[in-house]
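Take a look at the letters that make up each chain.
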Amino acid sequence: MKPRCAISRWTWVLACCAGALAPIGNCAAAERAPAYIAIPSGSFASTLSNPSDNNSPVRVERFALRETPVTNGEFLSFVNAHPEWRRDRIPATFADASYLHHWASPSTPGPGQDDRPVISVSWFAAQAYCEAEQARLPTWYEWEYVAAASKTSPDARRDASWRAEILRWYGRTSEAPPATVGGTANFYGVKNMHGLVWEWVDDFNALLISADSRNQGDPDKLKFCGAGAISLQDRENYAVLMRVALLSSLQGADTTNNLGFRCARTLPDAK
Amino acid sequence: MKRVKLVRNIWMKAAALVGLVMCVQTSMAAAQSPAKLKGDFGPPQGEPIHAVLTSPPNVPPAIHRKYPAKVIVDLEVVEKEMAISEGVKYMFWTFGGTVPGSFIRVRQGDTVEFHLKNNPNNKMPHNIDLHGVTGPGGGAASSFTAPGHESQFTFKALNEGIYVYHCATAPVGMHIANGMYGLILVEPPEGLSPVDHEYYVMQGDFYTSGKYREKGVQPFDMDKAIDERPTYVLFNGAEGSLTGDKALTAKTDEKIRLFVGNGGPNLVSSFHVIGAIFDKVRYEGGTHFQENVQTTLIPSGGAVMVEYKTKVPGSYVLVDHSIFRAFNKGALAIMKVDGPMKKDIYSGKELDSVYLGDRAQPNMASVSKATQAAASGTLTLQDQINAGRELFAGTCSVCHQANGAGLPGVFPPLAQSDFLNSDLHRAVGIPLHGLSGKVTVNGKEYESVMPPMSQLNDDEIANILTYVLNSWDNKGGRVDAAEVKAERARTVPAPAAGH
């Protein structure tokens, strides 16, 4: 039984058009409303332990996650509607110099780019995009919860072939642009959680493996707000750890050639 | 005058007292202390200098500067696929595009401004911990850098010596296992004693999913790494990186200095040069040296300076004397010394040297040619024989001898062997499964154990057998890879139940 209960697109179109309340509501986006997949609530053992809570499993409430990462084509519509996020207008505080550098011009991604995931975007830009889509960035726990699934199982983290597939992508450099979005859906019906791009999460800067990850047990770590999440529960699960390490190395304005994002929505009946 | 002195005295006492209190209160006061630390020769002088970085096995030129300077080091992290062995690719993570990373040379007391650049096409964040840095993490926390970014930090090189640097990003072991280490030399102010050659050699252990020499792109294997079961143990990041045409060179009567590091991540090295005695070893790059050393231990994350004088010409083999690593995992390099023979010091032939020489200068070109030809379907009998000859020399000749004659009573002959010629199918199975127990060859009984040659692939076994069949008056014939594959796939029948 695969819970493929994609939320009706119309729900969101309605929400959008009725939503004069929404601060940055934009009905143009509704023309090609992206699919969001409802993810049932549940508990799971996160790769990041939570020592303050006796390493107990993490509870993820019901929410909706975008089926695919945001594409260059989709990001172009956003930039057209909100030109302050064009690469030639964005303040340096919100994005570094490499922001959207792979686009042919500030308003053209270039040939063949439309269906590829947008990369080289800052956290600020990703967040603004999601807001414009009446959504938000997923939290790390939400992202990790969905990413733990393989095609057939909600938690495939002990499956060596699942891990090998993730590592295969790590083992290739990114001289060529990423492939187009789509392909095989995982257990929940979500696509491209692995093997395409790194993805921003809302709380990327609270994951905090410290910049020097060998300092486990260092009293200094309590200086940092993410201290509870420093040590890694399952060191063998290094495939996920490498994603955490990447996110930990970033600041909100940073962009990289492999880093894109997808959005999430809190569902009304979530507690 | 007196009053002035008195006042000044009181002032000084007060200042001293305040200083003391500050010292007690916070260690920050130490930074303001006028007393210089050992190795601190004051603020940098002159124009900033860009450090010369070199790829292994080269070492930057000696520093003849007489004053402490500001030295700028630009080091780029590059993730790239390179050959780890003939026909075997691996995704290395590198400091400066090589394994080990670029060699850095500074002078004691220099202020080093370090720029770590993470290539935009890299997937991973990286940082650097230099063992020559005094400060938390050796620079690691200050240099954590996302792809497409650059970090900068500055340190004063207080201690002279040869130091390992490495990446310390999680998972640390994996970053090191992928080749992220190198050496930084902090020269004493008076410099090191002059020598004729300085070389840079660094050992590392590697963990691939496939077996030793299994062809194709081989991914990293975390399970093997955690269990400390390396597939390869290598000098300078690849099999053959310091052999054949790439061997280190010298002439007789020259002084050699080797900077030898060990990146690990797991193994310690029993570093030895076959046929040479080290005149001096500075263990761990420390100030004192030991003399007349045969084998020196290099810990993972450590380095030594080794000095010796070349006396007798020939090929000298650098090994990890944990010796299976040398001959079965690749930890082998060559220093080729040219010059007139010195029969008074050494004359005659060493039995081992033939074996080592064969392994030392592999001419694997014919093997590559055969592999390509097999892939494109144009493999000729001669291709197979040529490739087989090289492989035979490396793998089989140790026991069966280069002329196929074997050793009487110990290793059966392959030349004009009735055992071989009477059953080709059986012959295919022997390198695959090994052979033990009594056999009769050309009327003589042999009872020894040949282990399965599981490091050889189907092509290689086919080529070796084809070479053997067409050599030494054997009856000729040809074995193809498909035949070997079929035999490999066939399960060995279980021995009959004994009860």
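Right above here is the structure, for reference.
Residues numbered from 1 in each chain as written. Chains lettered and ligands numbered in written order. Predicted model: local features only at pLDDT ≥ 70, side-chain atom pairs only at ≥ 80, totals over all residues. Heavy atoms only, no water.

(A) Here's a closer look at the overall build of chain B. Within chain B one finds 13 helices and 23 strands. Buried positions account for 50% of the 499 residues belonging to chain B. Restricting the contact set of chain B to residue pairs at least 6 apart, pairs at least 24 apart contribute 68%. (Helix = DSSP H or I, 4+ residues; strand = E, 2+ residues; numbered from the N terminus. Buried < 20%, exposed > 50% of the residue type's maximum accessible area, 1.4 Å probe, protein only. Contact = heavy atoms within 4.5 Å.)

(B) Up close: the packing of aromatic side chains. Residues and elements named next belong to chain B. Throughout the structure, instances matching the rule amount to 34 aromatic pairs over all chains. Centre to centre, the rings of phenylalanine 95 and tyrosine 165 are 5.2 Å apart; their planes meet at 80°, and the pair counts as edge-to-face. Here the residue phenylalanine 95 occupies a position in strand E3 (residues 88-95), and tyrosine 165 occupies one in strand E8 (residues 161-166), the gap between them amounting to 70 residues. Exposure class is identical for phenylalanine 95 and tyrosine 165. Each is buried. (Phe/Tyr/Trp six-rings, centres within 6.5 Å; stacked < 30°, edge-to-face > 60°.)

(C) A look at the side chain of serine 417 of chain B. Residues and elements named next belong to chain B. Of note, serine 417 is situated in the loop between helix H9 (397-400) and helix H10 (418-422). Judged by relative accessible area, serine 417 falls into the buried class, the value being 2%. In this structure the side chain of serine 417 is engaged in a polar contact, spanning 3.4 Å, whose partner is the backbone nitrogen of phenylalanine 419. Discounting chain neighbours no more than four positions away, the residues touching serine 417 are Val441, Asn442 and Asn474. (Polar contact = N/O pair within 3.5 Å; in protein donor to acceptor, adjacent residues only side chain to side chain.)

(D) Representation of the packing of helix H4 (residues 140-147) of chain A against helix H6 (residues 238-248) of chain A. Residue and element names in this part refer to chain A. Contact pair H4 / H6: the axes reach a minimum separation of 12 Å and the direction vectors enclose 150°. Viewed along their axes, H4 and H6 adopt a mutual orientation that is roughly antiparallel. For the pair H4 and H6, the sense of crossing is right-handed. Counting all contacts with H4, which are made through Trp140, Trp143 and Glu144, the residues of H6 involved are Val240, Arg243, Val244 and Leu247. Taken together, the residues of the contact of H4 with H6 break down into five nonpolar, no polar and two charged. (Axes fitted to C-alpha atoms, helices over the stretch in contact; angles between N-to-C directions. Parallel < 35°, antiparallel > 145°, perpendicular 65-115°, else oblique. Left-handed = near helix turned anticlockwise from the far one by under 90°. Nonpolar A, V, L, I, M, F, W, Y, C, P; charged D, E, K, R; others polar.)

(E) Quick peek at the pairing of strand E22 (residues 435-441) of chain B. All names here are of chain B. Pairing between E22 and strand E23 (residues 444-450): seven bridges, direction antiparallel. Pairing of valine 441 across the sheet is with lysine 444, part of E23. Connecting E22 to the next strand, E23, in antiparallel fashion are two residues, including asparagine 442 with a positive phi near 50°. (Pairing = 2+ DSSP bridges.)

(F) Seen up close, the interface of chain B and chain A. Contact residues are listed per partner, giving 30 residues for chain B and 28 residues for chain A. A buried area of about 2400 Å², summed over both sides, lies between chain B and chain A, and 61% of it is on carbon and sulfur atoms. Together, Asn121, Lys123 and Phe144 of chain B form the three largest contributors to the area buried by chain B at its contact with chain A, with a combined 29%. Across the contact surface, chain B and chain A share zero salt bridges. There are seven residue pairs in polar contact (both at pLDDT 80 or more) connecting chain B and chain A. Going through the elements one at a time, E3, helix H3 (172-177) and helix H4 (222-227) of chain B are the ones with two or more residues in the side of chain B that touches chain A. In terms of residue count, H4 of chain B provides more of the side of chain B that touches chain A than any other element does, three residues in total. Within the side of chain B that touches chain A, the residues separate by chemical class into 18 nonpolar, eight polar and four charged. (Buried area = accessible area lost by both parts, 1.4 Å probe. Salt bridge = Lys/Arg side-chain N within 4 Å of Asp/Glu carboxyl O.)

(G) Just the sheet that holds strand E4 (residues 104-107) of chain B, in detail. Residue and element names in this part refer to chain B. Read across the open sheet, the four strands follow the order E4-E9-E8-E6; overall the sheet is mixed. Bordering the open sheet on either side are E4 and strand E6 (129-130), each of which pairs with just one other strand. Sheet topology note: the E8/strand E9 (residues 181-187) ladder contains six bridges and is antiparallel. Looking at E9, one finds that histidine 166 is bridged to tyrosine 181.

(H) Fine view of the nonpolar core. In terms of nonpolar packing, the biggest core is built from 125 residues, with Phe75, Trp200 and Phe261 of chain A together with Phe114 and Leu130 of chain B touching the most fellow members. Of all hydrophobic cores here, the second largest spans 28 residues; its members include Val233, Leu248, Val273 and Ala331 of chain B. (Core = buried A, V, L, I, M, F, W, Y, C linked by side-chain atoms within 4.5 Å.)

(I) Examining the packing of helix H8 (residues 381-395) of chain B against helix H12 (residues 458-469) of chain B more closely. Residue and element names in this part refer to chain B. Closest axis-to-axis distance for the H8/H12 pair is 7 Å, and the angle between their directions is 95°. Between H8 and H12, the interaxial angle falls into the category roughly perpendicular. Between H8 and H12, the contacting residues are Leu381, Gln384, Ile385, Ala387, Gly388, Arg389, Leu391 and Phe392 on the first element and Glu460, Ala462, Asn463, Ile464, Thr466, Tyr467 and Val468 on the second. Looking at side-chain class alone, the contact of H8 with H12 contains nine nonpolar, four polar and two charged residues.

(J) Inspection of the pattern of salt bridges at higher detail. Residue and element names in this part refer to chain B. According to the stated counting rule, one finds 26 salt bridges over all chains in the structure shown. Across the pair arginine 65 and aspartate 110 runs a salt bridge whose closest N-O atoms are separated by 2.9 Å. One end of the pair, arginine 65, is in the loop between strand E1 (49-50) and strand E2 (70-85); the other, aspartate 110, is in the loop between E4 and strand E5 (111-118), with 45 residues separating them in the sequence. Of the two residues, arginine 65 and aspartate 110, both sit in the buried class. Of the charged contacts in the structure, one is a salt bridge between lysine 336 and aspartate 338, with a shortest N-O distance of 3.4 Å. Residue classification places aspartate 338 among the partly exposed residues on the basis of a relative accessible area of 42%. Through salt bridges with shared partners, a single ionic network connects Arg105, Glu187, Glu198, Arg257 and Glu307.

(K) Geometry of the sheet that holds strand E4 (residues 63-66) of chain A. All names here are of chain A. In space, the three strands of this open sheet follow the order E1-E4-E7, with antiparallel pairing throughout. Pairing within the sheet leaves two strands with one partner each, and these edge strands are strand E1 (36-39) and strand E7 (264-266). When strand polarity is set aside, the average angle formed by the axes of neighbouring strands in this sheet is 25°. One ladder, built from four bridges, connects E1 with E4; its direction is antiparallel. Bridge assignment links alanine 38 to a residue of E4, and that residue is alanine 64. Contacting E1, E4 and E7, H4 crosses the sheet at an angle of about 70° to E4.

(L) Representation of unusual backbone geometry within the structure. Residue and element names in this part refer to chain B. Residue proline 57 is reached from proline 56 by a cis peptide bond, and omega for that bond is 10°. If you trace the backbone, proline 57 turns up in the loop between E1 and E2. Cis geometry marks the peptide bond from glycine 264 to proline 265, where omega comes out at 15°. Note that proline 265 resides in the loop between strand E14 (255-264) and strand E15 (269-274). Even without a glycine there, the phi angle at arginine 213 is positive, about 65°.

(M) Fine view of helix H11 (residues 424-433) of chain B. All names here are of chain B. Those residues of H11 not exposed but buried are Ala427, Val428, Gly429, Ile430, Pro431 and Leu432. Next to the buried residues of H11 lie H10, E22, E23, H12 and helix H13 (481-489). For H11, the N-terminal cap is aspartate 423; the gap from its side-chain oxygen to the backbone nitrogen of histidine 425 is 3.2 Å. Count one or two residues on from H11 and you reach glycine 434, which has phi positive near 80°.

(N) Molecular detail of the environment of proline 194 of chain B. Tracing the chain through its elements places proline 194 of chain B in the loop between E9 and strand E10 (197-206). Expressed as a C-alpha distance, the spacing of proline 194 of chain B and lysine 255 of chain B, which sit 61 residues apart in the sequence, is 8.4 Å.

(O) Local environment of the state of the cysteines. Residue and element names in this part refer to chain A. Under the defined criterion, the tally for this structure stands at one disulfide over all chains. The disulfide partner of cysteine 130 is cysteine 263, and the gap between their sulfur atoms is 2.1 Å. The disulfide joining cysteine 130 to cysteine 263 has a torsion of about -85° about its S-S bond and is therefore left-handed. Taken together, the positions of cysteine 130 in helix H3 (residues 123-132) and cysteine 263 in the loop between strand E6 (259-260) and E7 put the pair 133 residues apart, joining distant regions of the chain. (Disulfide = S-S within 2.5 Å.)

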